[in-house]
Amino acid sequence: MITGYGHFAQLAETLQWDETEIDFSADREAWPQLTDAENAQILGLIAGFVIAENAVSTQLGAWQMVATDDSMKKVFQAQIRDEVRHNRFFDLVAAEVACVPGDDRDARRDALRAHAGTELVDLFEERLPATAQRLADGHEDLTDAVGLYHMVIEGVVLVAGQHAMLDALEGLSVGLPGVRKGMELVLRDERWHIGFGSRIVQTADIGGDQAEAMLEQGEMAAKVWGDLITPAAIETAMRQHRRRLKAAGIKFW
Ligand SMILES: [Fe+2]
Ligand SMILES: [Fe+2]
């Protein structure tokens, strides 16, 4: 029998994929044919994902350390495995498709930082590690930390970016089928991550103040992509964020 959070771990097991099996040969040929505007948008989004997935994959261990039971801990471990794969996937796209210079992942991420907005870099490289540190030190509530990671970062920032990327790929003058395939697989993983976080928040029975904070954080965080994503994409992500908070039993509207 599966108890607690076990079904998320079981689901994760059925959704495993391997970024090295994705064929990027058509993408490599198409990339130099992108217009300047297309190149700027796709590269900007890739830069954001490279920075984001590197940060989440290295910070999520702090959440796993404070899991309240064994089934929750196992799910965090399954999630870390996904985030590490996402990190590898976006680095592979940067190296193989976008030909970002650099001998290793760190060097390529450094090269890409100039293409990402300072607010996005700040969220992932300052605020998220600060929350992880407070969690590790026992100064942060797990529910608030899940609120930032699963509800705000994954549920609003990353999902909005992933939908914007899929829309952008759809409208390109050339196809990037390998990038598209990987994006769809990443989004599929993120859906269960968000479901898992929503369950933790739901179980915690949070108060109005905590819920209000998660809503406000979502509104602020949705803007970190700057003009790489449309106001409509932000609004869609915020609508889903409100719906998830509401489904978690929070009533403030
Ligand atoms: Fe991810
Ligand atoms: Fe995730």
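Just so you know, these numbers come straight off a predicted model, no measurement behind them.

K.L.:
Explanation requested: unusual backbone geometry in the structure shown.
P.N.:
Most peptide bonds take the trans configuration, and most residues that are not glycine carry a negative phi. Even without glycine at this site, Cys-99 takes up a positive phi of about 50°. Positionally, Cys-99 belongs in the loop between helix H5 (70–97) and helix H6 (105–113).

K.L.:
Please explain the coordination of the iron ion (ligand 2) as it appears in this structure.
P.N.:
Ideal geometry at a metal centre: 109.5 degrees between donors when four sit tetrahedrally, and 90 or 180 degrees when six sit octahedrally. Protein coordination at the iron ion (ligand 2) comes from Glu-83 (OE), Glu-154 (OE), Glu-190 (OE) and His-193 (ND1), with a distance range of 1.9 to 2.2 Å. Metal-centred angles of 93 to 166° between the four donor atoms at the iron ion (ligand 2) mark the site as irregular. Along the chain, the residues donating to the iron ion (ligand 2) are arranged with the sequence spacing E-x70-E-x35-E-x2-H. The two metals, the iron ion (ligand 2) and the iron ion (ligand 1), are separated by 3.4 Å and share Glu-83 as a common coordinating residue. You can see Glu-83 sitting in helix H5 and its partner Glu-154 sitting in helix H8 (residues 142–170), a full 71 residues away along the chain. Note on Glu-154: relative accessible area 1%, which makes it buried.

Calculation criteria
- Residues numbered from 1 in each chain as written.
- Chains lettered and ligands numbered in written order.
- Predicted model: local features only at pLDDT ≥ 70, side-chain atom pairs only at ≥ 80, totals over all residues.
- Heavy atoms only, no water.
- Helix = DSSP H or I, 4+ residues; strand = E, 2+ residues; numbered from the N terminus.
- Donors = N, O, S within 2.8 Å, 3.2 Å for Na, K, Ca; no water.
- Tetrahedral: all angles 85-135°; square planar, octahedral: opposite > 155°, others 65-115°.
- Buried < 20%, exposed > 50% of the residue type's maximum accessible area, 1.4 Å probe, protein only.

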